[in-house]
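Spelled out, the chains give:
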Amino acid sequence: MPTLRHFPASTSFAPLFSEQERAADEKTWEQIDECYFRIRSALTLTFPDGIPVAEFMLHIHDDSTAGWRWHDKPFDAVTP
């Protein structure tokens, strides 16, 4: 699994990713969605050439491992 390299703002997002992981463990779907919207509104995932991906899901775990999925088209019916 890839390991997240710390970037300057990473510590400010740590509580949000911890909240997301807790919500996933507890299967509180509304909270998972809320975390997703907050992450998506604050962060951008880009291709190596700097072009943003159309849609992504990012999970950074407390042990600093990360998982993500991206798609070249926006997800259907994604609204906060």
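The structure reproduced in this document is the subject of the present report.

Procedures and definitions
- Residues numbered from 1 in each chain as written.
- Predicted model: local features only at pLDDT ≥ 70, side-chain atom pairs only at ≥ 80, totals over all residues.
- Heavy atoms only, no water.
- Pairing = 2+ DSSP bridges.
- Helix = DSSP H or I, 4+ residues; strand = E, 2+ residues; numbered from the N terminus.
- Core = buried A, V, L, I, M, F, W, Y, C linked by side-chain atoms within 4.5 Å.
- Buried < 20%, exposed > 50% of the residue type's maximum accessible area, 1.4 Å probe, protein only.
- Contact = heavy atoms within 4.5 Å.
- Expected span 1.5 Å × (residues − 1).
- Arc of directions from axis to C-beta.

## Thoughts on the pairing of strand S2 (residues 66–71)
Turning to step 1, where the next piece is worked out: Where strand S1 (residues 55–60) lies against S2, 6 bridges are found, and the strand directions are antiparallel. Bridging across to S2, Met57 finds its partner in Arg69.
Turning to step 2, where the next piece is worked out: Between S1 and S2, which pair antiparallel in sequence order, lie 5 residues; one of them, Ser64, sits at a positive phi of approximately 75°.

## Some details on the nonpolar core
Turning to step 1, where the next piece is worked out: Membership of the largest hydrophobic core is limited to 11 residues, which are Phe13, Leu16, Phe17, Cys35, Ile39, Leu43, Val53, Phe56, Leu58, Ile60 and Ala66.
Turning to step 2, where the next piece is worked out: Of all the secondary-structure elements, those providing two or more residues to this core are helix H1 (10–26), helix H2 (29–42) and S1.

## Topic: the environment of Pro74
Turning to step 1, where the next piece is worked out: Here Pro74 shows up in the segment after S2.
Turning to step 2, where the next piece is worked out: It is 5.1 Å that separates the C-alpha atoms of Pro74 and Glu55, two residues lying 19 residues apart in sequence.
Turning to step 3, where the next piece is worked out: Not counting chain neighbours up to four residues away, the residues in contact with Pro74 comprise Ala54 and Glu55.

## Considerations on unusual backbone geometry
What you tend to see is this: most non-glycine residues have negative phi, and most peptide bonds are trans.
Turning to step 1, where the next piece is worked out: A positive phi is found at Lys27, a non-glycine position, where the angle reads about 55°.
Turning to step 2, where the next piece is worked out: Here Lys27 lies in the loop between H1 and H2.

## Looking at H2
Turning to step 1, where the next piece is worked out: When the terminal C-alpha atoms of H2 are compared, their 20 Å separation across 14 residues agrees well with the 20 Å that a helix rising 1.5 Å per residue should span.
Turning to step 2, where the next piece is worked out: Turning to H2, its buried residues are Ile32, Cys35, Tyr36 and Ile39. What you see down the axis of H2 is that its buried residues fit within an arc of 105°, all on one side. Opposite its buried face, H2 presents the exposed residues Glu30 and Ser41, each directed more than 90 degrees away.

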